[in-house]
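# Coordinate inspection notes
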Amino acid sequence: SFAGDKIFTMGDQPDGCAILALDLATGKTLWTAPVGRPGGGGGHPGPRATPATDGTLVVSLGQYGDLVCVQAATGKGVWKKSLESDFGGKVMSQWGFSESPLLDGSMVVVTPGGPKGTVLALNKTSAATLWQTKELTDSASYASLVPAEIGGVRQYLVLTDASVSGISSSNGQLLWKAARPGKTAVVPDPVYHDGIAFVTSGYGVGHNAFRLSTAGGRITPQEAYAGKELEVHHGGVVLVGEHLY
């Protein structure tokens, strides 16, 4: 990701996983900031997340659940949390925490997964807990959260190995949920457009689309279609006009 004259990325270095800031014009490394230990689950080393930045702060997630916030200008640490030890985080299978954190206004929103709550919102400057979902306790998948406004309510689309759902951005309330089992690894982010939430994953599962109807202040999901034409394993799905690629 980038802001101003800097590019922000991640990588394993000999002494650990790190956030790196590069000069946009030259590619020169301006600073590095430690995140956690190197390596990775399933024999695949290295971090899996893209850092999020608002130009002042950079927030990123290491493969072992280390959530780190640093200053964008200098790389100096602001705060650090562990999705596992601090929030009971649990990933659906062996390949480690992989989502890209979401910076949304004053919040950073992430998906620790597990019995303490699938989705978590922290204050981005202090790391104070704002909410953690009580009604949704699925394990985390490898997908990232997607913000959307549905029925006039701002929310985050959450895809796990068991369901796809919408979580209120203001308080973490579960607004709607549809059962949608995945297998082994659920990776692509959901796509939302014009009242339809589209999800897909590999290992023989394929795609599903859910039409979200709003009435009486409630959102009701109903499966619109399903198939195997877009059985996306690792890559994402791009919406262009009225078509998905």
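Residues numbered from 1 in each chain as written. Predicted model: local features only at pLDDT ≥ 70, side-chain atom pairs only at ≥ 80, totals over all residues. Heavy atoms only, no water.

When its secondary structure is counted, the protein chain shows zero helices and 22 strands. For the protein chain, whose C-alpha radius of gyration is 18 Å, the value lies close to the compact-globule estimate of 18 Å for 245 residues. Overall size of the protein chain, expressed as C-alpha extent along the three principal axes, is 50 × 35 × 35 Å. For the protein chain, buried positions account for 52% of its 245 residues. Residue pairs at least 24 apart in sequence account for 46% of intrachain contacts in the protein chain once pairs closer than 6 positions are excluded. Accessible surface computed for the protein chain: about 11,000 Å², of which carbon and sulfur atoms make up 51%. When the 18 positive and 20 negative side-chain charges of the protein chain are each reduced to one mean point, those points stand 6 Å apart. (Helix = DSSP H or I, 4+ residues; strand = E, 2+ residues; numbered from the N terminus. Rg over C-alpha atoms; globule rule 2.2 N^0.38 Å. Buried < 20%, exposed > 50% of the residue type's maximum accessible area, 1.4 Å probe, protein only. Contact = heavy atoms within 4.5 Å. Areas by Shrake-Rupley, 256 points an atom, 1.4 Å probe, with all protein chains shown as cover. Lys, Arg positive; Asp, Glu negative; His and termini not counted. Charge placed at Lys NZ, Arg CZ, Asp CG, Glu CD.)

Ordered in space as β5-β6-β7-β8, the four strands form an open sheet in which the pairing is antiparallel. Of all the strands in the sheet, the pair left with one neighbour each is β5 (52-53) and β8 (77-82). Across five bridges, the pairing between strand β7 (residues 66-71) and β8 is antiparallel. Of the residues in β8, the one forming a bridge with Cys69 is Trp79. (Pairing = 2+ DSSP bridges.)

Here we come to the pairing of strand β15 (residues 163-168). Along β15, six of the six residues are buried, which leaves the element largely enclosed by surrounding structure. Covered by surrounding structure in β15 are Ser163, Ser165 and Ile167 together with Val164, Gly166 and Ser168, the residues of both alternating faces. As paired strands, strand β14 (residues 153-159) and β15 are joined by five bridges and run antiparallel to one another. Considered in β15, the bridge of Val158 is made with Ser165.

For the structure on display, the rule yields three aromatic pairs. Judged by centre distance (6.0 Å) and plane angle (40°), the rings of Phe8 and Trp31 are tilted. In this pair, Phe8 sits in strand β2 (residues 6-13) while Trp31 sits in strand β4 (residues 29-36), placing the two residues 23 residues apart along the sequence. The same class applies to Phe8 and to Trp31, which are both buried. Geometry around Tyr64 places Arg37 over its ring, the cationic atom sitting 3.6 Å from the centre. (Phe/Tyr/Trp six-rings, centres within 6.5 Å; stacked < 30°, edge-to-face > 60°. Lys NZ or Arg CZ within 6 Å of the ring centre and 35° of its normal.)

The residue Thr200 is located in strand β18 (residues 196-201) in this model. Relative accessible area serves as the criterion here: at 1%, Thr200 is assigned to the buried category. At 3.5 Å, the side chain of Thr200 forms a polar contact with the backbone oxygen of Gly206. Within the structure, Thr200 has its side chain in polar contact with the backbone nitrogen of Val232 (distance 3.1 Å). Sequence-distant contacts of Thr200, that is, excluding residues within four places in its chain, are made with Leu159, Arg180, Pro188, Gly206, His207, Leu230, Glu231, Val232 and Val237. (Polar contact = N/O pair within 3.5 Å; in protein donor to acceptor, adjacent residues only side chain to side chain.)

Turning our attention to the sheet that holds strand β20 (residues 218-227). As summarised here, the arrangement of the four strands in space is β17-β18-β19-β20, forming an open sheet in which the pairing is antiparallel. Here the strands that pair on one side only, and so sit at the sheet edges, are β17 (191-193) and β20. Across the sheet, the mean angle separating the axes of adjacent strands is 25° when strand polarity is ignored. Sheet analysis places strand β19 (residues 206-215) next to β20, joined by nine bridges and oriented antiparallel. Within the sheet, the bridge partner assigned to Phe210 lies in β20 and is Glu223. (Axes fitted to C-alpha atoms, helices over the stretch in contact; angles between N-to-C directions.)

Next up on the list: the pattern of salt bridges. Using the criterion set out here, one finds three salt bridges in the structure. For Asp5, the salt bridge identified is with Lys6, shortest N-O distance 3.3 Å. Of the residues examined, Asp5 reaches a relative accessible area of 45% and is grouped as partly exposed. Among the salt bridges present, the one from Asp104 reaches Arg154, with a minimum N-O distance of 2.9 Å. In this pair, Asp104 sits in strand β9 (residues 102-104) while Arg154 sits in strand β14, placing the two residues 50 residues apart along the sequence. (Salt bridge = Lys/Arg side-chain N within 4 Å of Asp/Glu carboxyl O.)

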